[in-house]
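One-letter residues, chain by chain:
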Amino acid sequence: MGKIKSVITGVGGYVPDYVLTNEELSRMVDTSDEWIMARVGIKERRILKEEGLGTSYLARKAAKQLIQKTGVDPDTIDALIVATTTPDYKFPSTASIVLGKLGLKNAFAFDLEAACSGFMYNLSVASSLIESGRCKKIIVIGADKMSSMVDYQDRQTCVLFGDGAAAVLLEASEDEEYGMQDMYFRTDGKGLPFLHMKAGGSVCPPSHFTVDHHLHYLYQEGRSVFRYAVTYMSNDVLEIMKRNNLTTEDVDWVVPHEANLRIIEAVTKRAELPMERVAINIEHYGNTSAATIPLALWDFESKLKKGDNVIFTSFGAGFVHGASFCKWAYDGAAVSTKKS
């Protein structure tokens, strides 16, 4: 028996119905459509506005569509992993809630938190479980309700984020030609001062003071994050290409974390990769954190062809970053991508 590979065999996704446009934001803070488009390339973002619904709702909707599209028997799912920075609760895990709602009887579930790199790190953990022989089928989800941690009085950050989720089915295969081929990850622990939430954790638990002083919102020093993101993501793409003897011509698709269109443009320019081969939908969804990469796969699935060389790259708070090389395993054009 040959080496076991982990292969993506399907993609599902979900974004809320409510569309928060730049025009609406301009009535909330001092900004404009022109300012936002010029600096970050975002036209609109989806927001989960219904009371009592959190990240597990987004993740469940994406996973349910994935199961319906692939036709996989839920009883054959071995594990379900949710990458998120916005869990429903401190505990239990969001993944356990999703598993319960889906009625998966033979799976275990847990959350993984690696900020905007969450999905890619999630894919690595799931791949290891499959390649070890421990699991055969895993649902891998990236989901975030970023609106729950955004201060809509801060024009620097409120224009960036949206809510959404997407899921992939990862399966075991003995065909070594396809699937996850290589992964390169690194962490720069100097990232804390530039991107974090000041309160709500064990260092600074919730209190009247933390609420009154708006310390439960995302804090970001944009210029520093931009600089680090461009440097690390472009270096990681070049490293994964070098490790796998890939030239620019060999790369069919780059699927980056989508924090800012200018970051993506700078990364691809440094890596000498054409923008027409980059899967981008940030204009319509904004930064959905752990959901950006799988949501791009969801939107671009019909364009992906069996045998395509696909590179994922991401950067997130921590700073956690990296790149992955995947040999796409099926012809996406043959799959219904109706977003029901």
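Provided above is the structure to which this section pertains.
Remember, predicted model here, so these are calculated numbers, not experimental data.

Let us now look at the sheet that holds strand 5 (residues 108-112). Overall, mixed pairing links the 5 strands, which are arranged 1-7-6-4-5 in an open sheet. Two strands close off the open sheet at either side, each with one partner strand: strand 1 (5-14) and strand 5. Pairwise comparison of adjacent strand axes, ignoring direction, gives a mean angle of 20° for this sheet. Bridge count for strand 4 (residues 79-83) against strand 5 is 5 bridges, and the pairing is parallel. Bridge pairing in strand 5 places Val 82 opposite Asp 111. Across the sheet, helix 10 (residues 292-300) lies against strand 1, strand 6 (137-145) and strand 7 (163-173), angled at about 85° from strand 1, the strand it touches most.

So, about the pairing of strand 4. The buried fraction of strand 4 amounts to 5 of the 5 residues, a majority that puts the element mostly inside the structure. At this point the chain moves from strand 4, through helix 4 (residues 94-102), to the parallel strand 5, and the crossover so formed is right-handed.

Scanning the model with the defined rule gives 11 aromatic pairs in all. Taking 4.8 Å as the distance between ring centres and 35° as the angle between the ring planes, the aromatic pair formed by Phe 315 and Phe 319 counts as tilted. Accessibility assignment for this pair places Phe 315 and Phe 319 in one class, buried. Grouping aromatic residues by their ring pairs yields a cluster made of Phe 194, Tyr 228, Tyr 232, Phe 315 and Phe 319. Across from the ring centre of Tyr 18, 4.3 Å away, lies the NZ or CZ of Lys 49, which sits over that ring. In this structure, Arg 155 packs its charged tip against the face of Trp 35, placed 4.7 Å from the ring centre.

Moving on to the nonpolar core. The biggest cluster of nonpolar side chains holds 40 residues, and the ones touching the most others in it are Leu 123, Ile 138, Phe 312 and Trp 328. Among the elements that take part in this core, helix 5 (residues 118-131) stands out by supplying 7 residues, more than any other. With residues up to four places along the chain from it excluded, the contact list for Leu 123 reads Ile 8, Val 140, Val 168, Leu 170, Met 180, Met 183 and Phe 312. The next biggest cluster of nonpolar side chains, apart from the first, holds 29 residues, and it includes Leu 20, Val 29, Val 150 and Phe 315.

Looking at the element boundaries, Arg 46 is found in strand 3 (residues 44-47). Buried charge without a salt bridge: Arg 46, with Asp 17 as the nearest opposite-charge side chain at an N-O distance of 5.0 Å. Within polar-contact distance, the side chain of Arg 46 engages the backbone oxygen of Pro 16 at 2.7 Å. Leave out the neighbours within four places in its chain, and Arg 46 touches Val 15, Pro 16, Asp 17, Tyr 18, Val 19, Gly 162, Asp 163, His 284 and Tyr 285.

Moving on to helix 8 (residues 261-270). For helix 8, the full list of buried residues reads Ile 263, Ile 264, Val 267 and Thr 268. Around the axis of helix 8, the buried residues are gathered within 125° of arc, so they sit on the same side. Next to the buried residues of helix 8 lie helix 7 (222-243) and strand 11 (253-256). Capping of helix 8 at its N-terminal end is provided by Asn 260; its side-chain oxygen lies 2.7 Å from the backbone amide nitrogen of Arg 262. Once helix 8 finishes, Glu 272 follows within two positions and takes phi at roughly 60°, a positive value.

Examined against the element boundaries, Asp 144 turns out to sit in strand 6. One buried charged side chain, Asp 144, makes no salt bridge at all; its nearest oppositely charged neighbour is Lys 145, positioned 11 Å away. A distance of 2.8 Å separates a polar side-chain atom of Asp 144 from the backbone nitrogen of Thr 85. The residues touching Asp 144, leaving out its near neighbours within four places in the chain, are Thr 55, Leu 58, Thr 84, Thr 85, Thr 86, Gly 162, Asp 163, Gly 164, Thr 288, Ser 289 and Ala 290.

With that out of the way, let us pick up the environment of Val 225. Within the fold, Val 225 resides in helix 7. You can call Val 225 buried: its relative accessible area is 9%. A C-alpha to C-alpha distance of 6.6 Å links Val 225 and Phe 194, two positions 31 residues apart in sequence. Dropping the residues within four chain positions of it, Val 225 is found in contact with Phe 194, Leu 195, Gln 220, Phe 315 and Phe 319.

A separate point is the pattern of salt bridges. This model, assessed by the stated rule, comprises 5 salt bridges. Of the charged contacts, one joins Asp 33 and Lys 43 as a salt bridge, the two residues approaching to 3.0 Å between their closest N and O atoms. Residue Asp 33 is found in helix 2 (residues 33-39), and its partner Lys 43 is found in the loop between helix 2 and strand 3; the two are separated by 10 residues along the sequence. Between Arg 243 and Asp 182 there is a salt bridge, with the nearest N and O atoms lying 2.8 Å from each other. Placement of the pair is Arg 243 in helix 7 and Asp 182 in strand 8 (residues 179-187), with a sequence separation of 61 residues. Looking at Arg 243, the relative accessible area reads 40%, which means it is partly exposed.

With that settled, the discussion passes to the packing of helix 7 against helix 8. As a packed pair, helix 7 and helix 8 sit with axes 9 Å apart at the nearest point and diverge in direction by 40°. With respect to helix 8, the element helix 7 is oriented oblique. When you trace helix 7 past helix 8, the crossing you get is right-handed. Judged by residue contacts, Phe 226, Ala 229, Val 230, Thr 231, Met 233, Ser 234, Asn 235 and Leu 238 of helix 7 engage Arg 262, Ile 263, Ala 266, Val 267 and Arg 270 from helix 8. Grouping the constituent residues of the contact of helix 7 with helix 8 by class yields 8 nonpolar, 3 polar and 2 charged.

Conventions and cut-offs
All residue numbers here refer to positions counted from 1 along the written sequence of the relevant chain. Given that this is a predicted model, residues contribute local features only at a pLDDT of at least 70 and side-chain atom pairs are listed and counted only at 80 or more, while totals for whole chains, interfaces and linings are drawn from all residues. Note that the side-chain values use all heavy atoms of the structure and ignore hydrogens as well as water. Each pair of strands is called paired provided DSSP finds at least two bridges between the two strands. Under the DSSP-based scheme used, a helix requires at least four consecutive residues in state H or I and a strand at least two consecutive residues in state E, with every element numbered from the N terminus. Axis lines are fitted to C-alpha atoms, over the contacting stretch for helices. Their N-to-C directions set the angle, which ranges from 0 to 180 degrees. Here a residue-residue contact requires only that any non-hydrogen atoms of the pair lie within 4.5 Å. Residue burial is assigned from relative accessible area. The probe radius is 1.4 Å, only protein chains are included, and a residue is buried under 20% of its type maximum, exposed over 50%, and partly exposed in between. Handedness of a crossover is defined as follows: orient the strands so they point away from the viewer, and if the path from the first strand over the helix to the second runs clockwise, the crossover is right-handed. Stacked, tilted and edge-to-face are the three classes applied to pairs of Phe, Tyr and Trp rings, where Trp contributes its six-membered ring and a pair requires centres within 6.5 Å; stacked means planes under 30 degrees apart, edge-to-face means over 60, and tilted covers the rest. When the NZ atom of lysine or the CZ atom of arginine is within 6 Å of a ring's centre and also within 35 degrees of its normal, the charge is said to sit over that ring. Buried residues of nine kinds, namely Ala, Val, Leu, Ile, Met, Phe, Trp, Tyr and Cys, make up a nonpolar core once their side-chain atoms join them within 4.5 Å. When charges are counted, neither His nor the chain ends are considered; positive counts come from Lys and Arg and negative counts from Asp and Glu. A carboxyl oxygen of Asp or Glu within 4 Å of a side-chain nitrogen of Lys or Arg is what we treat as a salt bridge. By the criterion applied in these results, polar contacts are pairs of N or O atoms within 3.5 Å in which, for protein atoms, one can donate a hydrogen and the other can accept it, and in which residues neighboring in sequence qualify only through two side-chain atoms. What the arc measures is the spread of directions leading from the helix axis to the C-beta atoms. Oblique is the label for any angle not covered by the other classes, which are roughly parallel (under 35 degrees), roughly antiparallel (over 145) and roughly perpendicular (65 to 115). Two helices that cross are described as forming a left-handed crossing if the nearer one is turned anticlockwise from the farther one by less than a right angle, and a right-handed crossing if clockwise. Only Asp, Glu, Lys and Arg are considered charged in this grouping, and only Ala, Val, Leu, Ile, Met, Phe, Trp, Tyr, Cys and Pro are considered nonpolar; every other residue, Gly among them, is considered polar.

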